[in-house]
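Structure at a glance
The primary structure of each chain is shown beneath.
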Amino acid sequence: MTLMNDKVHAYKDQIGALSDVLPEVVKSYHEFTGECFQPGVLDAKTKQLIALGIGLFANNEVCTFYHVEEARSKGATDQEIMETVAVAGAVGGGHALSQGAMRVQKALH
């Protein structure tokens, strides 16, 4: 867990440094994401699980660590987190397969 925590903390430190250079950009980003993650029709845990799946699909290590931590803090179980991993894997595999079936086959003909 220390690697995960170290990377998340390093990201937060770097965002703090960016805030020194572009304070309004960082402030706007935090306001936007803060609003997006507020409970609505979807609860906060579900939103964190969605973010985790997207972070995995985007191969974003820091987002993966961050959203695992956040999902847990919102009550996600290990099983829910791993099911999110499975869904992200299915979407990622489906994405590659659909592009192969359509684009690559078209390029071959």
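Residues numbered from 1 in each chain as written. Predicted model: local features only at pLDDT ≥ 70, side-chain atom pairs only at ≥ 80, totals over all residues. Heavy atoms only, no water.

By the naming in an unreviewed UniProt entry, the protein chain is Carboxymuconolactone decarboxylase family protein, taken from Paenibacillus amylolyticus.

**Examining the UniProt feature "domain: Carboxymuconolactone decarboxylase-like" (unreviewed entry) in the protein chain**
UniProt tags residues 23-100 as "domain: Carboxymuconolactone decarboxylase-like" (unreviewed entry). Taken end to end, residues 23-100 has its terminal C-alpha atoms 43 Å apart, with 82% of it in helix and 0% in strand. (UniProt positions renumbered as here; feature names shortened; annotations may be inferred. Helix = DSSP H or I, 4+ residues; strand = E, 2+ residues; numbered from the N terminus.)

**Some details on the nonpolar core**
Among the nonpolar cores identified, the biggest contains 6 residues, and these are Leu-49, Leu-52, Val-68, Ala-71, Ala-76 and Ile-81. Mapped by element, the contributors of at least two residues to this core are helix H3 (44-57) and helix H4 (61-73). Leaving out residues up to four positions away in the same chain, Leu-49 has contacts with Ala-71, Ala-76, Glu-80, Ile-81 and Thr-84. (Core = buried A, V, L, I, M, F, W, Y, C linked by side-chain atoms within 4.5 Å. Buried < 20%, exposed > 50% of the residue type's maximum accessible area, 1.4 Å probe, protein only. Contact = heavy atoms within 4.5 Å.)

**Considerations on unusual backbone geometry**
Phi at Asn-59 is positive, roughly 60°, even though this residue is not glycine. By the element assignment, Asn-59 lies in the loop between H3 and H4. Taking the relative accessible area as the measure of exposure, Asn-59 reaches 70% and is therefore exposed.

**Points about the packing of H3 against helix H5 (residues 78-108)**
For the pair H3 and H5, interaxial distance at closest approach is 9 Å and the crossing angle is 40°. On the basis of their axis angle, the class for H3 and H5 is oblique. Once H3 is placed against H5, the crossing between them reads as right-handed. Residue-level inspection shows Lys-45, Leu-49, Leu-52, Gly-53, Leu-56 and Phe-57 of H3 in contact with H5, the latter providing Glu-80, Ile-81, Thr-84, Val-85, Ala-88, Val-91, Gly-92 and His-95. (Axes fitted to C-alpha atoms, helices over the stretch in contact; angles between N-to-C directions. Parallel < 35°, antiparallel > 145°, perpendicular 65-115°, else oblique. Left-handed = near helix turned anticlockwise from the far one by under 90°.)

**Description of the environment of Lys-74**
Take Lys-74: it is sitting in the loop between H4 and H5. Linking Lys-74 and Gly-16, residues 58 residues apart in sequence, is a C-alpha distance of 24 Å. Setting aside chain neighbours within four positions, we find Lys-74 in contact with Ala-44, Lys-45 and Gln-48.

**As for the packing of helix H1 (residues 2-21) against H4**
Contact pair H1 / H4: the axes reach a minimum separation of 9 Å and the direction vectors enclose 105°. The orientation of H1 relative to H4 falls into the category roughly perpendicular. Here H1 contributes Met-4, Asn-5, Lys-7, Val-8, Tyr-11 and Lys-12 to the contact with H4, which in turn contributes Glu-61, Val-62, Phe-65, Tyr-66 and Glu-69.

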